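Single-letter residue listing:
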Amino acid sequence: GLGFNIVGGTDQQYIANDSSIYVSRIKKDGAAYLDGRLQEGDKILAINGKDLKDLRHKDAVELFRNAGCYVSLKIQRRLQTQNGPVGHRGDGESGGLPLAAILVPGLALAATAVWILLRYRQRM
């Protein structure tokens, strides 16, 4: 196989009101694992140019089983929320604050505190 499991479809929605196909598990040492690009939670939009929209789960499974030796996947990267289901946005934008928006001010504040402490100790 391709080394991963899928969930979803019109008859087995993984996310409420979303019949898309998602990667549920990457099998260790399988083709997808060794390739390294596919991630659990990714939405698979197409396989070998065939759109996966509005398919039943078993029909999607058949497409993957009959994909052949060379497989091309069109995916949408997953966006995880804390303590919740995997979420997706079609505009390519991530929700929430980027890590840099938290780290940069925090590091600047820490550096300023160290500088003040060193200056204070020099005066004593």
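Residues numbered from 1 in each chain as written. Predicted model: local features only at pLDDT ≥ 70, side-chain atom pairs only at ≥ 80, totals over all residues. Heavy atoms only, no water.

Per an unreviewed UniProt entry, the protein chain goes by Synaptojanin-2-binding protein and derives from Dasyornis broadbenti.

Observations regarding the environment of Ala31
Under the convention used in this document: Helix and strand assignments follow DSSP, with helices taken as H or I runs no shorter than four residues and strands as E runs no shorter than two, numbered in order from the N terminus. Contact definition: two residues touch when any of their heavy atoms are within 4.5 Å.
Within the secondary structure, Ala31 sits in helix α1 (residues 31-35). On a C-alpha basis, the gap between Ala31 and Gly1 in space is 7.8 Å, while along the polypeptide they are 30 residues apart. Sequence-distant contacts of Ala31, defined by excluding residues within four places in its chain, comprise Gly1, Leu2 and Gly3.

Some thoughts on helix α2 (residues 57-65)
To be explicit about the condition: Only protein chains enter the accessibility calculation, which uses a 1.4 Å probe. A residue is then buried if its area is under 20% of the maximum for its type, exposed if over 50%, and partly exposed in between. Taking the helix axis as origin, the arc is that swept by the directions to the C-beta atoms.
By the burial criterion, the buried members of α2 are His57, Ala60, Val61 and Phe64. Down the axis, α2 shows its buried residues gathered within 100° of arc, on one side only. On its buried side, α2 packs onto β1 (4-8), β2 (21-26), β3 (43-47) and β5 (73-76).

Looking at unusual backbone geometry
Phi is mostly negative for residues that are not glycine, and the peptide bonds are mostly trans. The phi dihedral of Asp29 is positive, around 70°, even though this residue is not glycine. Along the polypeptide, Asp29 turns up in the loop between β2 and α1. By relative accessible area, which is 54% here, Asp29 ends up exposed. The backbone of Asp54 sits at a positive phi, close to 60°, despite the residue not being glycine. Within the secondary structure, Asp54 is located in the loop between β4 (50-51) and α2.

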